[in-house]
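Below, each chain spelled out in residue letters.
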Amino acid sequence: MKIRVRFAPSPTGYLHVGGARTALFNWLLARHTGGTFVLRIEDTDLARSTEASVQAILDGMRWLGLTWEEGPDIGGPYAPYFQMQRLDTYKRYVDQLLNEGHAYHCFCSKEELDAMREEAQKKGEAFSYTGRCRNLLPEIAQRLREEGRQPVIRFKTPTEGETVVDDLIHGEVTFQNALLDDFVLVKADGVPTYNYAVVIDDATMDITHVLRGDDHLSNTPKQILIYQALGLATPRFGHIPMILGQDRARLSKRHGATSVMAYEEQGYLPEAMLNYLAKLGWACGDQEEFTVEELIEKFSVAGINNTAAVFDQAKLDWLNGVWMRRLATPDLAERLKPRWQAKGWLQARHTDEWLNGLVELLKERARTLVELVDYSTFFFDVPIDYKPEAVEKFLVPENRAILEALRDRLPKAEPWDLPTVEGVFRSLASELGVKAGAVIQPARVALTGSTASPGMFETAYLMGPELVGKRLQGALDLMAARV
Ligand code: GLU
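Rules and cut-offs
- Residues numbered from 1 in each chain as written.
- Predicted model: local features only at pLDDT ≥ 70, side-chain atom pairs only at ≥ 80, totals over all residues.
- Heavy atoms only, no water.
- Helix = DSSP H or I, 4+ residues; strand = E, 2+ residues; numbered from the N terminus.
- Rg over C-alpha atoms; globule rule 2.2 N^0.38 Å.
- Buried < 20%, exposed > 50% of the residue type's maximum accessible area, 1.4 Å probe, protein only.
- Contact = heavy atoms within 4.5 Å.
- Polar contact = N/O pair within 3.5 Å; in protein donor to acceptor, adjacent residues only side chain to side chain.
- Phe/Tyr/Trp six-rings, centres within 6.5 Å; stacked < 30°, edge-to-face > 60°.
- Lys NZ or Arg CZ within 6 Å of the ring centre and 35° of its normal.

> Help me get a handle on the overall build of the protein chain, residues and values and all.
Each helix and strand counted, the protein chain has 19 helices and eleven strands in total. Its C-alpha radius of gyration of 32 Å places the protein chain more than 25% over the 23 Å reference for a compact globule of 483 residues. Overall size of the protein chain, expressed as C-alpha extent along the three principal axes, is 110 × 50 × 40 Å. Relative to its 483 residues, the protein chain shows a buried fraction of 51%. For the protein chain, contacts bridging at least 24 residues in sequence account for 74% of all contacts bridging at least 6.

Below is the structure:
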């Protein structure tokens, strides 16, 4: 049997971390087994679904590289892939359920239902629809229709027995049918509910495995009952445990970014994000670092944990640093380019070779693309911040002669290469009879604004003669203004 899985987001917001992980696990199952990964948009919540959210979800999936074989934008043999375009199909099956006595029209109004709910509350009972319209006489139904009441269609849930979810992650979970109410299949406006539409879609799209968040586990017995009533084969279900914040509450905005694209903005690499999401609730021995190819090769549903995962920002940062160093320097430089461009920092002299040199110099220290761009500020001809403590300590009158000498000599160094630049620092130090550090530290503060930077010679070399001259003069001006 060829495996067919799907990711079925509701377009009511961006792609969030939990959704992306669900998509990833389904995608990995498809890729690992040579199966098919379907993207289906569950847009039946008319009030909350938007076109912008559909786009945001597709963007997030594309950024992560989670490609689909069938879906809204590309179509496929089971099209359409938007639920609101599948109303005919839902109608056909609900007619079958009605005709075969598995469903019925319910005319209870919102007010009546509220009253029942209140009644139950007073008695301290959980509300479940009592099935008042279950055996409505056809004449009464007719009269209610004539009065203009729009019925919903409810499922006739068996009042006894139990429904077992044979879950791939949690094992067998048993639900008492008596505790499931006669839930709504189709609302008064003809739009199906989630529990109904999802069954019809998964069945008619030949979905074999459903991996989704375990917040859906309580829906699954209802869905199984619909499959059974229609005589349709059920897929295998696997309910993935939730993602929690460090405080063990369900992950939410309060814990930081939950949108996948917010991580893109913050400078995380899709490779690192995928690696991190895979490890969030799935394990293969104690391996932490995975390429996407390794994930595909090693993924199995059996490796999904059956307890909640805790989102660990520090681990994501660490993995992102790992991936920044794993990428070939030119690749990393390409990904940084748009960020430098957006800042307006790039000039003609910033050739690919120059940018590669810069990345090479900084990539050990940065954990994100944003951090690397930040660390790279002083290499570009832009105003920089001088750290007050550094200025206090090194841009002092005793160092004036050193900085003036460097200002005069460095821009004239010929040829402009690393050994010549280094030579200027070293010969000045020996001329003055001081250690190299005595020349380097004030220069570092003058050129970078702080006492911490990559190697001074590489830094000065990459900055180039003009910027070096300009910064040294700027530092001297700053000193003059201070006295
Ligand atoms: N649209 C549902 C959701 O986003 C899909 C759940 C499912 O995969 O069945 O939660």
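> I'd like to hear about the side chain of Ser-450, residue by residue, with values.
In this fold, Ser-450 is placed in the loop between helix H18 (436-448) and helix H19 (456-482). Residue classification places Ser-450 among the buried positions, given a relative accessible area of 10%. Separated by 3.0 Å, the side chain of Ser-450 and the backbone oxygen of Ala-452 make a polar contact. Filtering out sequence-adjacent residues up to four positions away, Ser-450 remains in contact with Lys-387, Ala-390, Arg-444 and Val-445.

> Please provide a residue-by-residue account of the packing of aromatic side chains, values included.
If you walk through the whole model with that rule in mind, you get 13 aromatic pairs. A ring pair is formed by Tyr-263 and Tyr-268, whose centres lie 5.4 Å apart and whose planes are at 70 degrees; its orientation type is edge-to-face. Each member of the pair, Tyr-263 together with Tyr-268, is buried. These aromatic residues form a ring-pair network of at least three members: Phe-25, Trp-282, Phe-290 and Phe-299. One cation-aromatic arrangement involves Arg-154 over Tyr-129; the distance from NZ or CZ to the ring centre is 3.7 Å. In this arrangement the basic side chain of Arg-365 is found over the ring face of Tyr-375, its NZ or CZ atom lying 4.6 Å from the centre.

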